[in-house]
Amino acid sequence: MANQMYDYEIARDNQADPACWNSPNNNCAPHFHSTLELVYVRSGIMEATLNGQFFSIQSGELLLVPSYTVHRYVTPDKSDTVVMTIPLSYLPTFQKVLRGKSFAQSHLSDKALTKEIARCMRCCCTLQQTRPDSKALKGYIHVIMALLTETIPLEEIHAKDDDALVRNILTYLHINYKNPLSLRSIAEDFGYSASRFSHIFNKHIGCSISEYVNALRCRQVAGMLLDGEESITQIALGAGFNSMRTFYRSFMHVFGISPSKYVELSKENDNLKHSSASYHSPHHDSAAPAPASER
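What comes next concerns the included structure. (Residues numbered from 1 in each chain as written. Predicted model: local features only at pLDDT ≥ 70, side-chain atom pairs only at ≥ 80, totals over all residues. Heavy atoms only, no water.)

1. Comments concerning the environment of Gly223
Considering the arrangement of structural elements, one finds Gly223 in helix H7 (residues 209–227). Taking the relative accessible area as the measure of exposure, Gly223 reaches 4% and is therefore buried. Sequence separation between Gly223 and Ile235 is 12 residues; the distance between their C-alpha atoms is 9.9 Å. (Helix = DSSP H or I, 4+ residues; strand = E, 2+ residues; numbered from the N terminus. Buried < 20%, exposed > 50% of the residue type's maximum accessible area, 1.4 Å probe, protein only.)

2. Quick look at the nonpolar core
If you look at the biggest cluster of nonpolar residues, it comprises 30 residues, and the most contacted ones within it are Leu38, Met121, Met145 and Leu148. Elements with a contribution of two residues or more to this core: strand S3 (36–44), strand S6 (62–65), strand S8 (79–86), helix H2 (111–130) and helix H3 (135–151). The biggest single contributor to this core is H2, with 8 residues. Ignoring any residue separated from it by four or fewer positions in sequence, one finds Leu38 in contact with Leu62, Leu63, Leu64, Val82, Val83, Met84, Ile86, Ile117, Met121, Ile144 and Leu148. Grouped together as the second largest cluster of nonpolar side chains are 19 residues, Leu170, Tyr177, Ile200 and Val213 included. (Core = buried A, V, L, I, M, F, W, Y, C linked by side-chain atoms within 4.5 Å. Contact = heavy atoms within 4.5 Å.)

3. Let's talk about the sheet that holds strand S2 (residues 28–31)
The 4 strands are arranged S2-S7-S4-S5 in an open sheet whose pairing can be described as antiparallel. Two strands lie at the open edges of the sheet, namely S2 and strand S5 (53–57), each paired on one side alone. On average, each strand axis in the sheet is tilted by 15° relative to the strand beside it, whichever way the strands run. (Pairing = 2+ DSSP bridges. Axes fitted to C-alpha atoms, helices over the stretch in contact; angles between N-to-C directions.)

4. Remarks on helix H10 (residues 259–268)
Those residues of H10 that sit buried are Pro259, Tyr262, Val263 and Ser266. Viewed along the axis of H10, the buried residues span an arc of 95°, placing them on a single side of the element. Opposite its buried face, H10 presents the exposed residues Ser260 and Glu268, each directed more than 90 degrees away. Residues of H10 that are buried make contact with H7, helix H8 (232–238) and helix H9 (244–255). (Arc of directions from axis to C-beta.)

5. Some thoughts on the packing of aromatic side chains
The tally for this structure, following the rule as stated, stands at 10 aromatic pairs. Seen in terms of ring centroids, Tyr192 and Phe197 are 6.4 Å apart; in terms of plane orientation they differ by 55°. Their pairing is tilted. We classify Tyr192 as partly exposed; its relative accessible area is 29%. Seen in terms of ring centroids, Phe241 and Phe247 are 5.3 Å apart; in terms of plane orientation they differ by 70°. Their pairing is edge-to-face. Taken together, the ring pairs connect Phe241, Phe247, Tyr248, Phe251, Phe255 and Tyr262 into an aromatic cluster. Positioned above the aromatic ring of Phe241 is the side chain of Arg217, whose terminal nitrogen or guanidinium carbon lies 5.9 Å from the ring centre. Over the ring of Phe255 we find Arg219, and its NZ or CZ is 4.9 Å from the ring centre. (Phe/Tyr/Trp six-rings, centres within 6.5 Å; stacked < 30°, edge-to-face > 60°. Lys NZ or Arg CZ within 6 Å of the ring centre and 35° of its normal.)

6. Examining the side chain of Ser79
For Ser79, the position within the fold is in strand S8. A distance of 2.8 Å separates the side chain of Ser79 from the side chain of Thr75, its partner in a polar contact. The contact partners of Ser79, leaving out residues within four places of it in the chain, are Ser23, Pro24, Asn25, Asn26, Ser43, Gly44, Ile45 and Met46. (Polar contact = N/O pair within 3.5 Å; in protein donor to acceptor, adjacent residues only side chain to side chain.)

7. A few points about the packing of H2 against H3
It is the contact of H2 with H3, at a shortest axis distance of 9 Å, that shows an interaxial angle of 160°. Overall, the two elements H2 and H3 adopt an arrangement that is roughly antiparallel. Crossing angle aside, the handedness with which H2 passes H3 is left-handed. In contact with Leu113, Glu116, Ile117, Arg119, Cys120, Met121, Cys123, Cys124 and Leu127 of H2, H3 contributes Ala136, Leu137, Tyr140, Ile141, Val143, Ile144, Leu147, Leu148 and Thr151. (Parallel < 35°, antiparallel > 145°, perpendicular 65-115°, else oblique. Left-handed = near helix turned anticlockwise from the far one by under 90°.)

8. Things to note about unusual backbone geometry
A positive phi angle is found at Asn25, which is not glycine, with a value near 50°. By secondary structure assignment, the location of Asn25 is in the loop between strand S1 (19–24) and S2. Given a relative accessible area of 31%, Asn25 falls into the partly exposed group.

Now the structure itself:
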């Protein structure tokens, strides 16, 4: 799953099967998808923001991310995690149970519960790598979902206007980040004042619109730099930057190293690959340098 690190995970909704992987020093940019996501912290501490709510997940604890929840992960120092995504369509019985409902709790610390779920997640990771067609894989996922639905109360979903707005904004930015954008123009497109729009975005995402857009552009540049088919100037301007000075400053802020150093390190690590359409989601890769703002 290393190549998922900076994918914008609305694309994950096209995946019909569950996925499970180890993720040291878990960091990911704000994103959302319809799949259920579980993160078990084996050691260290991982910080998470879910729809603007902050959580600090300690060793032995589990984070449960419901469908369509905007989430972001940051490792302040070190963490070792196991991540699993489960499309509800994979389990029609539980999809029916959760229709119109969501889990009332996201931060799970009950040791007996988290230990058993973590065991099942680790088994899924092993089977996914060694026996992906094994029927036991689906069995373990059924056990995980049964433990969750029988232990954690469910509540009716009452969509918050701000939550829906943020999801729409992220989708909009992913589609339009190569175009000239400003806080005022985006706010006007969504029918908000610039100040109100900025407040909502910062509250849920934890950074400004310009920082987020420039990070999207940097992920695009990072992928294309590894292709080596165009000059760095052509790539940066094509990704939406209006000056190379802004590009270099943003790239250093996101990756903590220069573009040339990034290419050098990437070539030394055959496992480090990025999609040309990326930002999010990091999703979870320790091979790449953690963004400077997420260290």
